[in-house]
Amino acid sequence: MSALATNARVVRALGMRSVRQTFRRPQLIAPIIIFPTLLLAIQTGGASGAVELPGFPPVQSFLQFMLAGAMMQSLMLAGNSGGIALAVDIEMGFTDRLFSAPIPRFAIVLGRLAGTAALGLFASLWFLAIGLIFGAEIESGVAGALMAIFLVTAAALAVGGVGAAIALRTGSASVVQGLFPLVLVVLFLSSAFFPQELMIEPAKTIAQYNPLSFIVEGIRGPMISGFDASETLDALLAILGIVVLGLFLSDRALRHRLRVG
Amino acid sequence: MPAIVVEGLERAFDKVLAVQGIDISVEEGEIFGFLGPNGAGKTTTVRMLTTLLLPTGGRASVAGHDVVKEARAVRSSIGVALQEAALDPLMTGRELIRLQATLQGIPTAEGRRRADSLLERVDLSAAADRRVGGYSGGMKRRLDLAAALVHEPRVLFLDEPTTGLDPVSRKTIWEEVRELNEGGTTVFLTTQYLEEADQLADNVGIIDSGKIVAEGTPESLKAEFGNPHIQLQLAQGSVAEAESILAPIGKLLPPKDGSKVLVEVENGAADIPRVVRALDEAGIAVEALELVKPTLDDVFVEKTGYHLEEESEENAEKAPVEA
């Protein structure tokens, strides 16, 4: 077996462990699925009249608009949960088991990110299923759904990289967990739950430059209207930027951890 | 060829020197017992030898590979069971060993076969599909050991493998370690239990404040400390006379109380009849007699000033030395 195939097998095994770990620990799966589902239910139940506001983009239903936001929330919290799980591994010494194995040490980070990406994939399927069951239409059809799945999966991996970097640098689950409110603040300062056009300053300007807005619009566009190449490109660039940042910070944090022990 | 060679190995944490230029040599197929009080530098040394921590000075090789320059080759040759068994409580025992097999590059089918065989070997087959979080301390240690063996390593590092275990679980681990060693595996064993080192180790190194303060076979270290002595409990008033009779037989040691005589003898148990006969001929009645052999604890106290097991029970921390 080639080195690449062996490493891919290691990443897959660690990714599968990461997914199992999430599903077996309620405090990790709850923020990814249950919390965003409840918020989606509350928002669509209580604020569906928002679609009548002047300036609200034309949508088939408020649920159709909100699906992208729920996916975004879920993937952000998947990244945070991935960071918490990695920090728990560090605290209990499980990473020593991984570090003492003859594998490239960055495979440990990639395994964790593979698991986070898999959770992003699961979240996208979950919310698409909820949307379809409750009558939301995907304007771009199957292609739009596939684009949403791809962007949510890739964005989960990207955000997971930042979570992994913080976990590796601090080695503390409580520190990573402490970022949970910050994740929500950043999310609410994007167009995840409300159209940018209807926001007031300074939230409007922040949302305009918030990379999460680019990602969420890339997911939402094909759902509520149709494909827009520039919107998709912006989303991909935002994800790529976060991926590069996350991997760079993770690599530095990993080297630091190995140096100081 | 030695399985482990350590030359002038150092590790500093900021201004604190945790390990101060130690030298160790462990032959292939040997069990090396590494003893020391808490904070002496045992775990730091093991972490450097297992490539989990970079040394800040000196060099070390394991299984013929440099721990810094050929770290990955070292990791392929070693099995590691670290202090406080690093197990994921949410995984099952079988999942953990299969994951370990994947990490070691063992093909899936072979990994499954080895996992089944190792679980049986450490008597965990029945619990293999239960989550590790529900295992007892002894089961966790046995699982940790099994995971460390999945790739049949040449050198096995066991960092305090029996700490906190009950005597029965401890003996099970000892038997497993002996069996592995008989199969040719070199074992580097850190422990706080002197009896464990005495029972298992071919050679022992004692580390204190980051420095090796004694090294040798348990027997040679004990012999260095002194010969065995016979402790005699005598009737009141006969101690002085007994001492004058026994002085030509062996060196008299300071007594612990007024009714006891301690006499160091060269030949151990073989000298007991001679001692008893001499006292009997003088009409001195012996109420009790005990042959006391030097223990590793005596050696440890001599070299470090601490009673190791008492110290470990108190979980005392010693301050490392400033660089």
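The structure under discussion appears in the preceding block.
Parameters at a glance
- Residues numbered from 1 in each chain as written.
- Chains lettered and ligands numbered in written order.
- Predicted model: local features only at pLDDT ≥ 70, side-chain atom pairs only at ≥ 80, totals over all residues.
- Contact = placed C-beta atoms within 7 Å.
- Helix = DSSP H or I, 4+ residues; strand = E, 2+ residues; numbered from the N terminus.
- Nonpolar A, V, L, I, M, F, W, Y, C, P; charged D, E, K, R; others polar.
- Buried ≥ 20, exposed ≤ 12 C-beta atoms within 10 Å, placed from the backbone.
- Arc of directions from axis to C-beta.
- Axes fitted to C-alpha atoms, helices over the stretch in contact; angles between N-to-C directions.
- Parallel < 35°, antiparallel > 145°, perpendicular 65-115°, else oblique.
- Left-handed = near helix turned anticlockwise from the far one by under 90°.
- Pairing = 2+ DSSP bridges.

**Remarks on the interface of chain A and chain B**
Residue-level contacts link 21 residues of chain A with 20 residues of chain B. Among the elements of the structure, helix H1 (3-24) and helix H4 (94-99) of chain A are those that each provide at least two residues to the side of chain A that touches chain B. If you tally residues by element for the side of chain A that touches chain B, the top one is H1 of chain A, at 7 residues. Partitioning the side of chain A that touches chain B into residue classes produces 9 nonpolar, 5 polar and 7 charged.

**Quick notes on the environment of Val162 of chain A**
All names here are of chain A. Counting through the fold element by element, Val162 comes out in helix H6 (residues 141-170). For the pair Val162 and Ile103, spaced 59 residues apart in sequence, the C-alpha separation works out to 22 Å. In contact with Val162, not counting residues within four places along its chain, are Gly79, Ile242, Leu245, Gly246 and Leu249.

**Notes on helix H8 (residues 218-225) of chain B**
All names here are of chain B. Those residues of H8 that sit buried are Pro218, Leu221 and Lys222. Buried residues of H8 fall within an arc of 95 degrees about the axis and therefore sit on the same side. Against helix H7 (194-200), strand S9 (203-208), strand S10 (211-216) and helix H11 (296-304) lie the buried residues of H8. Positioned one or two residues after H8, Gly226 has a phi angle of 150 degrees, which is positive.

**Considering the packing of helix H3 (residues 93-103) of chain B against helix H4 (residues 108-121) of chain B**
Residues and elements named next belong to chain B. Two elements in contact, H3 and H4, have axes whose closest approach is 9 Å; the angle formed by their N-to-C orientations is 130 degrees. Between H3 and H4, the angle is such that the two are oblique. By crossing handedness, the relation of H3 to H4 is classed as right-handed. Facing Gly93, Arg94, Ile97, Arg98, Ala101 and Thr102 of H3, the residues of H4 in contact are Gly111, Arg112, Arg114, Ala115, Leu118 and Leu119. Looking at the contact of H3 with H4 residue by residue, the classes come out as 5 nonpolar, 3 polar and 4 charged.

**Thoughts on the sheet that holds strand S13 (residues 260-264) of chain B**
Backbone hydrogen bonds hold the strands of a sheet together, and the pairing may be parallel or antiparallel. Residues and elements named next belong to chain B. Read from one edge of the open sheet, 4 strands run S12-S13-S11-S14, paired in antiparallel fashion. Each of the sheet's edge strands pairs with one partner strand only, and the pair in question is strand S12 (251-253) and strand S14 (286-292). Geometrically, the sheet is characterised by an average inter-axis angle of 25 degrees between neighbouring strands, direction not taken into account. Where S12 and S13 come together, 3 bridges link them in antiparallel fashion. Bridging across to S13, Lys251 finds its partner in Glu264. Packed on one face of the sheet, helix H10 (residues 272-281) meets strand S11 (229-234), S13 and S14 and runs near 155 degrees to S14.

**Quick look at the sheet that holds S9 of chain B**
All names here are of chain B. One open sheet accounts for 6 strands, arranged S6-S7-S8-S3-S9-S10; its pairing is mixed. If you trace the sheet from one side to the other, it starts and ends with strand S6 (78-81) and S10, each paired once. Direction aside, the axes of adjacent strands within the sheet are offset by 15 degrees on average. Relative to the sheet, helix H1 (residues 42-49) contacts strand S3 (31-35), strand S7 (155-159), strand S8 (186-191) and S9, its axis offset from that of S7 by approximately 150 degrees. Against the sheet, H11 touches S3, S9 and S10, its axis set at about 35 degrees to S9.

**Some points on the packing of H6 of chain A against helix H10 (residues 211-224) of chain A**
Relative orientation and spacing of two packed helices are given, respectively, by the angle between their axes and the distance between those axes. Residues and elements named next belong to chain A. At a minimum axis separation of 8 Å, H6 and H10 run at an interaxial angle of 165 degrees. On the basis of the axis angle, H6 is roughly antiparallel to H10. Considering only the axes of H6 and H10, their crossing is left-handed. Contacts between H6 and H10 involve Gly144, Met147, Ala148, Leu151, Val152 and Ala155 from the former and Ile215, Gly218, Ile219, Pro222 and Met223 from the latter. Residues that form the contact of H6 with H10 fall into these classes: 9 nonpolar, 2 polar and no charged.

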